[in-house]
Amino acid sequence: MYRFLLTPRWWGINVFVVLAIPFCIFMGSWQLGRFEDRVQDHETATTQHESARREAARPLTELLPVDKATVGKQTTVTGRYDDQLLVPERKLDDREGFYVLTLLRTDGGEALPVVRGWLPGEPDPAKAPAPPTGEVTVTGALQAAESPGGNGVSGRSGWPAGQTGAISAATLLNLVPYDVYDAWVTLNEGDSGMRAVPVSAPQNTGLDLKAFQNLGYTAEWFAFVGFVIFMWFRLLRREVELARDAELGLVAQDDADGADGADGADEASGESRTPGASGDGADGEKADGDRAGLVS
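All of the points below concern the structure found in this document. Since we're looking at a predicted model, the values are computed, not measured. (Residues numbered from 1 in each chain as written. Predicted model: local features only at pLDDT ≥ 70, side-chain atom pairs only at ≥ 80, totals over all residues. Heavy atoms only, no water.)

1. As for the nonpolar core
Okay, step 1: Counting residues in hydrophobic clusters, the biggest one holds 16 residues, and the most contacted among them are Tyr99, Leu101, Leu103, Val115, Ile167 and Leu172.
Okay, step 2: Listed by contribution, the elements that provide at least two residues to this core are β2 (74-92), β3 (95-106) and β4 (111-120).
Okay, step 3: Dropping the residues within four chain positions of it, Leu101 is found in contact with Asp83, Gln84, Leu85, Val87, Pro113, Val114, Val115, Thr164, Ile167 and Leu172.
Okay, step 4: Among the nonpolar cores identified, the runner-up in size contains 14 residues, and Leu63, Leu104, Leu112 and Val185 belong to it. (Core = buried A, V, L, I, M, F, W, Y, C linked by side-chain atoms within 4.5 Å. Buried < 20%, exposed > 50% of the residue type's maximum accessible area, 1.4 Å probe, protein only. Helix = DSSP H or I, 4+ residues; strand = E, 2+ residues; numbered from the N terminus. Contact = heavy atoms within 4.5 Å.)

2. So, the pattern of salt bridges
Okay, step 1: For the coordinates displayed, the defined rule picks out 7 salt bridges.
Okay, step 2: The residue Arg58 makes a salt bridge to Glu62 at a minimum N-O spacing of 3.5 Å.
Okay, step 3: Take Arg58: its relative accessible area is 33%, and that puts it in the partly exposed class.
Okay, step 4: Look at Glu62 and you get partly exposed, because its relative accessible area is 46%. (Salt bridge = Lys/Arg side-chain N within 4 Å of Asp/Glu carboxyl O.)

3. Observations concerning the packing of aromatic side chains
Okay, step 1: With the rule as written, the count across this model stands at 5 aromatic pairs.
Okay, step 2: One aromatic cluster is present, built from ring pairs that chain together Trp10, Trp232 and Phe233.
Okay, step 3: Here the guanidinium or amino end of Arg105 rests over the ring plane of Tyr178, the centre of that ring lying 4.0 Å away.
Okay, step 4: Lying over the aromatic face of Tyr81, Arg116 brings its terminal NZ or CZ to 5.8 Å of the ring centre. (Phe/Tyr/Trp six-rings, centres within 6.5 Å; stacked < 30°, edge-to-face > 60°. Lys NZ or Arg CZ within 6 Å of the ring centre and 35° of its normal.)

4. Let's talk about the environment of Lys91
Okay, step 1: Inspection of the secondary structure puts Lys91 in strand β2.
Okay, step 2: For Lys91, a relative accessible area of 60% corresponds to the exposed category.
Okay, step 3: Measuring from C-alpha to C-alpha, the distance between Lys91 and Trp118 comes to 8.9 Å, with 27 residues separating the pair along the chain.

5. Observations concerning unusual backbone geometry
Okay, step 1: Leu64 connects to Pro65 through a cis peptide bond whose omega is -5°.
Okay, step 2: Here Pro65 is to be found in the loop between β1 (58-59) and β2.
Okay, step 3: Not every positive phi belongs to a glycine, and Glu89 is a case in point at roughly 60°.
Okay, step 4: Take Glu89: it is sitting in strand β2.
Okay, step 5: When its relative accessible area of 33% is taken as the criterion, Glu89 is described as partly exposed.
Okay, step 6: For Asp94, which is not a glycine, the phi torsion comes out positive at approximately 65°.

6. Here we look at the pairing of β3
Okay, step 1: Across the 12 residues of β3, 9 count as buried, placing the element largely inside the fold.
Okay, step 2: Sheet analysis places β2 next to β3, joined by 10 bridges and oriented antiparallel. When the sheet's bridge partners are listed, Arg80 is paired in β3 with Arg105.
Okay, step 3: Joining the antiparallel neighbours β2 and β3 is a turn of 2 residues, in which Asp93 adopts a positive phi near 55°.
Okay, step 4: When β3 meets β4, the two strands line up antiparallel, connected through 9 bridges. Within β4, the position partnered with Leu101 by the bridge is Val115.
Okay, step 5: Counting the residues in the hairpin turn of β3 and β4 gives 4 residues, including Gly109, whose phi is positive at 100°. (Pairing = 2+ DSSP bridges.)

7. Description of a nonpolar patch on the surface
Okay, step 1: On the surface, a cluster of nonpolar side chains totalling about 560 Å² of accessible area is made up of Leu6, Trp11, Val15, Val18 and Leu19.
Okay, step 2: Among the secondary structure elements, Leu19 is positioned in helix α1 (residues 8-52).
Okay, step 3: Note on Leu19: relative accessible area 58%, which makes it exposed. (Patch = residues over 30% accessible without salt bridge, like charges linked within 9 Å, V, L, I, M, F, W, Y side chains within 5 Å. Areas by Shrake-Rupley, 256 points an atom, 1.4 Å probe, with all protein chains shown as cover.)

8. Quick notes on helix α3 (residues 209-247)
Okay, step 1: Taking 1.5 Å of rise per residue, the 39 residues of α3 would be expected to cover 57 Å, and the 57 Å separating its terminal C-alpha atoms lies within 8% of that figure.
Okay, step 2: By the burial criterion, the buried members of α3 are Ala211, Asn214, Thr218, Val225, Val228, Leu236, Glu239, Val240 and Ala243.
Okay, step 3: Two residues or fewer after α3 comes Gly249, characterised by a positive phi angle close to 85°. (Expected span 1.5 Å × (residues − 1).)

9. Digging into the side chain of Thr70
Okay, step 1: Locating Thr70 in the fold gives a position in the loop between β1 and β2.
Okay, step 2: Judged by its relative accessible area of 13%, Thr70 is buried.
Okay, step 3: A distance of 3.4 Å separates a polar atom in the side chain of Thr70 from the backbone oxygen of Leu63. (Polar contact = N/O pair within 3.5 Å; in protein donor to acceptor, adjacent residues only side chain to side chain.)

Interpretation in functional terms is not warranted from these geometric data alone.
Given below as structure tokens:
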């Protein structure tokens, strides 16, 4: 009954199933691992942020380049404030507003972007307090350079003069005539009455849309494993039923209709021949009788 499993068609089906199941399990496990890594990164970033606020501030040069281990750490930098820019479309407590970003020129010649605070409403240079003059020492949390379109950063381009959408060296180098650190600092206390900007987690370390996409892909891959197994058993059951019908001499409905039609044609043909044959016999007997009458 199961000899059909040795046919080339079923060899192809079985090979596909044998290869598809482990592949789907591997991909589902990989996506699940990605989700777990993002959860772990989120927990690590949260713990690191809480502990970083209790640590003593360190010089900027000791914390560069910024990575997952140094982001959020307290740093202290001395320099003079120079150009000031506004960073629009930044929310705080579900309110729309903007950052006041000022470049701090250090003794090394490079400038460090410092977010001095947040103000509500549309970006307006008249609302932004002027930075302190002379040499200042700032203390705040070190942040990684932003990427347009990620972590709530606007992906727009073509901002008005005096504004920037992302805080990064690649963006600011086009706006100021000096080198800029590929990092920035948010002050622990807002300057000149502005609200302090809270520390943000580094990109790809939170339970964001990408994390839940990984979880969704995990479910899809494991669901496909179940679908493959279900379809294999369904095809097997169908083939077994056809094989059992063949052993019992049963045929498909279309074949049965064809056979019935052929039998009906044969019966009709036989019936048409039978009356003809009997008629011929009667005519023969009648002819013999006529001959006998003539002889007598």
